[in-house]
Amino acid sequence: MLKIFHASGSRSLRVIWMAEEMGLDYELAPEAIGRSSPEFIAVNPARALPAIIDGDVAMSESVAIVQYLAARYGPTPLAPAAEDPTYPAYLQYLVYGEGSLSAFLNPLVGTRFLAPDDQKDNFTAGLCRTLFSRRVKALTGRLSESSHLAGEAFTAADISVVYALNMGASLGFAEDYPAPIADYWARVKTRPAYQAAIAK
Ligand SMILES: N[C@@H](CCC(=O)N[C@@H](CS)C(=O)NCC(=O)O)C(=O)O
């Protein structure tokens, strides 16, 4: 059975949410960030969550795992095919959620929680917030054209970006989200599969 290494609040939410949307069976292997189990380190020596084991497959990059689940256990409307007109937007925002949004926040999380007090508000922390918030605002045009990021249908691109919005909110940046983004974020989080995943 699919095993998902998971810690509450981490990017494993993307993987669990995808599995819930697809109705996949899975088991959770609870992990604590900073206190990784030997089994988890064997799968991902970098010790960053999430990771999965699925038979002979071991993977450890959240958006890649989401794509893997769609390809391995699909087809699914959560991942439009390359011929689909929504595919380019789907792919762009799937990657954007990590590459242009969440990734910017990792140094900031480290600075907030680990830096000495006199370095918590340093230049890099401010730059991370500025860039993250600008990139969130850049979604406004897209979300005024369509109800979801790839088009009218909910897809894994929304899973990717909504996790990034959660991460920004956990750092106090939700006040930077323009109303159309805040509305979209709230709407997508009402999905039963999200509610099931966030409760894990
Ligand atoms: N690009 C990776 C980022 C993974 C990542 O940074 N995970 C965080 C938790 S959400 C983590 O484990 N940080 C602690 C560490 O890297 O030691 C992904 O999307 O899976």
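Structure's up top.
Nothing here was measured: the structure is a model prediction, and the numbers come from that model.

Caption draft 1: View of the overall build of the chain. Looking only at helices and strands, the chain has 9 helices and 4 strands in total. Principal axes of the C-alpha set define a box for the chain whose edges measure 50 × 45 × 25 Å. Taking all 200 residues of the chain together, the buried fraction comes to 48%. As displayed, the chain offers around 9,700 Å² of accessible surface, 56% of which is attributable to carbon and sulfur atoms.

Caption draft 2: Inspection of the site of the ligand at higher detail. Around the ligand sit 13 residues in total, of which Leu49, Glu61, Ser62, Glu98 and Asn106 are the nearest. Here a nitrogen atom of the ligand sits 2.8 Å away from a polar atom, N or O, in the main chain of Leu49. In the environment of the ligand, an oxygen atom lies 2.7 Å from a nitrogen or oxygen atom belonging to the side chain of Ser62. Considered on its own, the ligand offers 500 Å² of accessible surface; in the complex 75% of this is hidden by protein. When we break the shell around the ligand down by domain, the ones giving at least three residues each are domain 1 (2–78) and domain 2 (87–191).

Calculation criteria
Residues numbered from 1 in each chain as written. Predicted model: local features only at pLDDT ≥ 70, side-chain atom pairs only at ≥ 80, totals over all residues. Heavy atoms only, no water. Helix = DSSP H or I, 4+ residues; strand = E, 2+ residues; numbered from the N terminus. Buried < 20%, exposed > 50% of the residue type's maximum accessible area, 1.4 Å probe, protein only. Areas by Shrake-Rupley, 256 points an atom, 1.4 Å probe, with all protein chains shown as cover. Near = heavy atom within 4 Å. Polar contact = N/O pair within 3.5 Å; in protein donor to acceptor, adjacent residues only side chain to side chain. Domains from an automatic or database assignment.

This is a description of form; function is not addressed.
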